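One-letter residues, chain by chain:
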Amino acid sequence: MLSDHISFLTEFIRRPQNTGAVAPSSRWLAETIVSDLGLESASLVVEYGPGTGAFTGEILTRLDADVDFIAIENNERMRRRVRERFPDIDVADSSIEDLPSILEKRGHSPGDVDAIVSGLPWAAFGESLQDRLLEITASVLAPEGRFATFAYIHGLLLSAGRRFREKLNEHFAEVDRSPIVWRNLPPAFVYRCRGRNEV
């Protein structure tokens, strides 16, 4: 949608460190990021940074009606946008660092989350923030819970991109990478993670 592209470009210009992209993710990347997450049998699913809802729509097509779905978006304009598109979903105005309390307020405990889908611009975050958010993510997942996030292909060539992959390996027992989604702008791939790394 043209309006989604305009929203992303506007937010990138205003707050590039928070938005991290000049265009919303494509439907091909959305389909890739939600595949193999077990969403069809999930009871509790969380989305980080839904933005304009590119991943949200794909998530919802795979969830049963009684599944608890929580989206976390701290950008007011993006939050308003995703609420307009999906008025029935629970969108928390908060930081990922508040996830344990967000879950508690909704009657859930750490370890209850079956799947987390992230649209966050990890490359724009400092290493300490990356570590904090990944530690929180790993701590709230169920034993067989899964976490999916994406990165742009050019990140494979940068030291920051390689460090982020190392951080995923530090926090999760299993980390797999999808094939490159060439029809995304820029081309991207998905990291799928499972199981907290207790080492």
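Residues numbered from 1 in each chain as written. Predicted model: local features only at pLDDT ≥ 70, side-chain atom pairs only at ≥ 80, totals over all residues. Heavy atoms only, no water.

### Overview of the sheet that holds strand β1 (residues 44-48)
Through backbone hydrogen bonds, the strands of a sheet pair up, either in parallel or in antiparallel fashion.
Part 1 of the reasoning: Taken in spatial order, the seven strands line up as β3-β2-β1-β4-β5-β7-β6 in an open sheet, and their pairing is mixed. The open sheet has two edge strands with one neighbour each: β3 (90-92) and β6 (172-177). When the angles between neighbouring strand axes are averaged without regard to direction, this sheet yields 20 degrees.
Part 2 of the reasoning: Pairing analysis gives five bridges linking β1 to strand β2 (residues 68-72), with the strands arranged parallel. Paired with Tyr 48 across the strands is Ile 72, a residue of β2.
Part 3 of the reasoning: Along the sheet, helix α4 (residues 54-62) makes contact with β1, β2, β4 (113-118) and β5 (141-152), crossing β1 at roughly 170 degrees. (Pairing = 2+ DSSP bridges. Helix = DSSP H or I, 4+ residues; strand = E, 2+ residues; numbered from the N terminus. Axes fitted to C-alpha atoms, helices over the stretch in contact; angles between N-to-C directions. Contact = heavy atoms within 4.5 Å.)

### Focus on the pairing of β5
Part 1 of the reasoning: The buried count for β5 comes to nine of twelve residues, which makes it a mostly enclosed element.
Part 2 of the reasoning: The parallel pair β4 and β5, bridged by helix α7 (residues 127-140), forms a crossover whose chirality is right-handed. (Buried < 20%, exposed > 50% of the residue type's maximum accessible area, 1.4 Å probe, protein only. Right-handed = clockwise from strand over helix to strand, strands pointing away.)

### Re the packing of helix α3 (residues 27-34) against α4
Each pair of packed helices can be summarised by the angle the axes make with each other and by the distance between the axes.
Part 1 of the reasoning: Direction vectors running N to C along α3 and α4 enclose 45 degrees, while the axes themselves pass 9 Å from each other. One element, α3, and the other, α4, form an angle in the oblique class. For the pair α3 and α4, the sense of crossing is right-handed. Between α3 and α4, the residues in contact are Leu 29, Ala 30, Glu 31, Ile 33 and Val 34 and Ala 54, Phe 55, Glu 58, Ile 59 and Arg 62, respectively. (Parallel < 35°, antiparallel > 145°, perpendicular 65-115°, else oblique. Left-handed = near helix turned anticlockwise from the far one by under 90°.)

### Considerations on the confidence of the model for the protein
Part 1 of the reasoning: Averaged over all residues, the pLDDT of the protein is 89; the fraction at 70 or higher stands at 88%.
Part 2 of the reasoning: Counted against residues more than four places away or in other chains, residues 16-22, with its pLDDT under 50, gives 20 contacts. (pLDDT = per-residue confidence, 0-100.)

### Some details on the side chain of Ser 94
Part 1 of the reasoning: On the secondary structure map, Ser 94 appears in the loop between β3 and α6 (99-105).
Part 2 of the reasoning: A distance of 2.7 Å separates a polar atom in the side chain of Ser 94 from a polar atom in the side chain of Asp 98.
Part 3 of the reasoning: Setting aside residues up to four positions removed in sequence, Ser 94 forms contacts with Ile 72, Glu 73, Asn 74 and Ile 102. (Polar contact = N/O pair within 3.5 Å; in protein donor to acceptor, adjacent residues only side chain to side chain.)

### Quick word on the pattern of salt bridges
Part 1 of the reasoning: Evaluation of the coordinates by the stated rule reveals eleven salt bridges.
Part 2 of the reasoning: Between Arg 163 and Glu 127 there is a salt bridge; the shortest N-O distance is 3.2 Å. Note that Arg 163 is positioned in helix α8 (residues 159-171) and Glu 127 in helix α7, a separation of 36 residues in sequence.
Part 3 of the reasoning: Given a relative accessible area of 39%, Glu 127 falls into the partly exposed group. (Salt bridge = Lys/Arg side-chain N within 4 Å of Asp/Glu carboxyl O.)

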